[in-house]
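Here is what each chain is made of, one letter per residue.
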Amino acid sequence: MEEGKDVPKDFIKLKSEKLSVDEVSELVVSPYCGAVSLFIGTTRNNFEGKKVIHLEYEAYPSMAETEIKKICRDVRQKWPSVKHIAVHRRLGVVPVTEASVIIAVSSPHRAEALEAVIYCINTLKASAPIWKK
Amino acid sequence: QVSVLYFARSVELAGLRCETLSVPRQITSLQLWEEIVKVHPRLAVIRDQVVFAVRQEYVLIGDQLLVLQPGDEVAIIPPISGG
């Protein structure tokens with residue numbers, strides 16, 4: 001297979017197993033990119049004044065994936081130099097300090113990747129059909 | 001005949017996660033809501049908080065006219081939390 005131009009790709013995964021930062025960042029690395037920006041969302045030990053041991057997430061999986069694809073499309077429109085985007089979202093039980101979401105974006109220069117990651121996580125929280133139980 | 005999917009709080013109120021419902025092919029989203037509440041009256045309490053997702057697109061409960069096909073997915077979407 002031709003190594004060539006490294007076609008931009010979106011990597012979207014919803015899963016119940018532990019997420020891996022190494023795995024997600026490796027998905028977006030590219031010889032054409034000098035920047036990989038990463039966001040990790042983890043379970044915090046308090047919520048609305050109450051102690052938290054774990055959070056449990058429920059999703060409408062097919063639509064969540066569709067919404068994340070839309071986010072990727074929007075990212076590419078706003079920041080055309082973005083190369084690869086990876087969004088891994090963990091569903092089910094996520095204990096305190098473990099990751100419920102990892103977002104990675106690569107781009108030739110750092111500004112776009114950094115801005116795109118912020119956009120991704122904010123829009124994901126606002127529009128993806130996922131609920132804390 | 002559409003598939004109705006329930007999520008989050010609506011699962012507790014309806015008592016189930018999914019079912020098939022017979023509804024008119026053309027119906028406003030408000031009428032669709034009313035059909036669903038007929039079957040599960042306890043859902044009425046979340047009327048002001050929910051939206052629909054019809055064929056995986058968000059639809060507000062109101063005047064929007066829906067053209068439904070057999071087997072379409074309609075989901076009850078309470079306020080999302082946790083993104």
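Everything numeric here is computed off the predicted structure, so don't read it as measured data. (Residues numbered from 1 in each chain as written. Chains lettered and ligands numbered in written order. Predicted model: local features only at pLDDT ≥ 70, side-chain atom pairs only at ≥ 80, totals over all residues. Heavy atoms only, no water.)

**Here's the deal with the overall build of chain B**
Reasoning step 1: For chain B, the count of helices and strands is 2 helices and 7 strands.
Reasoning step 2: When the elements of chain B are put in sequence order from the N terminus, they spell out β-α-β-β-α-β-β-β-β.
Reasoning step 3: Computed over its C-alpha atoms, the radius of gyration of chain B comes to 12 Å, within 12% of the 12 Å expected for a compact globule of 83 residues.
Reasoning step 4: For chain B, the C-alpha atoms occupy an extent of roughly 30 × 25 × 20 Å along the three principal directions.
Reasoning step 5: Classification of the 83 residues of chain B by burial places 49% in the buried group.
Reasoning step 6: Put simply, of all contacts in chain B between residues at least 6 apart along the chain, 57% involve residues at least 24 apart.
Reasoning step 7: Carbon and sulfur atoms make up 51% of the accessible area of chain B, which amounts to about 4,200 Å² in all.
Reasoning step 8: Placing the 7 positive and 9 negative side-chain charges of chain B at their respective mean positions leaves the two points 4 Å apart. (Helix = DSSP H or I, 4+ residues; strand = E, 2+ residues; numbered from the N terminus. Rg over C-alpha atoms; globule rule 2.2 N^0.38 Å. Buried < 20%, exposed > 50% of the residue type's maximum accessible area, 1.4 Å probe, protein only. Contact = heavy atoms within 4.5 Å. Areas by Shrake-Rupley, 256 points an atom, 1.4 Å probe, with all protein chains shown as cover. Lys, Arg positive; Asp, Glu negative; His and termini not counted. Charge placed at Lys NZ, Arg CZ, Asp CG, Glu CD.)

**Notes on the confidence of the model for chain B**
Reasoning step 1: Averaged over all residues, the pLDDT of chain B equals 95, while 99% of them reach at least 70.
Reasoning step 2: Under the prediction, the complex receives an ipTM of 0.92, its pTM being 0.93. (pLDDT = per-residue confidence, 0-100.)

**Quick word on the interface of chain A and chain B**
Reasoning step 1: Facing the 20 residues of chain A at the interface are 19 residues of chain B.
Reasoning step 2: Summing both sides of the interface, chain A and chain B together bury roughly 1,500 Å²; the carbon and sulfur share of this comes to 52%.
Reasoning step 3: The largest share of the area that chain A buries against chain B comes from A:Tyr60, A:Met63 and A:Trp131, three residues that together contribute 43% of it.
Reasoning step 4: Linking chain A with chain B are 2 salt bridges.
Reasoning step 5: B:Arg17 is the salt-bridge partner of A:Glu58, the closest N and O atoms lying 3.3 Å from each other. (Buried area = accessible area lost by both parts, 1.4 Å probe. Salt bridge = Lys/Arg side-chain N within 4 Å of Asp/Glu carboxyl O.)

**So, a nonpolar patch on the surface**
Residues and elements named next belong to chain A.
Reasoning step 1: A cluster of nonpolar side chains, contributed by Val-21, Val-29, Val-36, Leu-38 and Ile-40, occupies part of the molecular surface with about 350 Å² of accessible area.
Reasoning step 2: By residue number, the principal contributor to the nonpolar patch is strand β2 (residues 35-42), which donates 3 residues.
Reasoning step 3: Along the chain, the position of Leu-38 falls in strand β2.
Reasoning step 4: Given the relative accessible area of 31%, Leu-38 is considered partly exposed. (Patch = residues over 30% accessible without salt bridge, like charges linked within 9 Å, V, L, I, M, F, W, Y side chains within 5 Å.)

**Points about the sheet that holds strand β1 (residues 10-15) of chain A**
Residues and elements named next belong to chain A.
Reasoning step 1: Across the sheet, 4 strands lie side by side as β1-β6-β8-β2; this open sheet has mixed pairing. The open sheet has two edge strands with one neighbour each: β1 and β2. Going across the sheet, the axis of each strand differs from the next one's by a mean of 5°, ignoring polarity.
Reasoning step 2: With 5 bridges joining them, strand β6 (residues 85-90) and strand β8 (residues 99-107) adopt antiparallel strand pairing. Directly across from Ile-85, in β8, lies its bridge partner Val-105.
Reasoning step 3: In the packing of helix α3 (residues 110-127) onto the sheet, the strands contacted are β2, β6 and β8, and the crossing angle to β8 comes to about 150°. (Pairing = 2+ DSSP bridges. Axes fitted to C-alpha atoms, helices over the stretch in contact; angles between N-to-C directions.)

**Some points on the state of the cysteines**
Each disulfide is one covalent bond, formed between the sulfur atoms of two cysteines.
Reasoning step 1: Under the defined criterion, the tally for this structure stands at 0 disulfides over all chains.
Reasoning step 2: Here A:Cys33 is not disulfide-linked; the sulfur of A:Cys120 is the nearest cysteine sulfur, at 14 Å. (Disulfide = S-S within 2.5 Å.)

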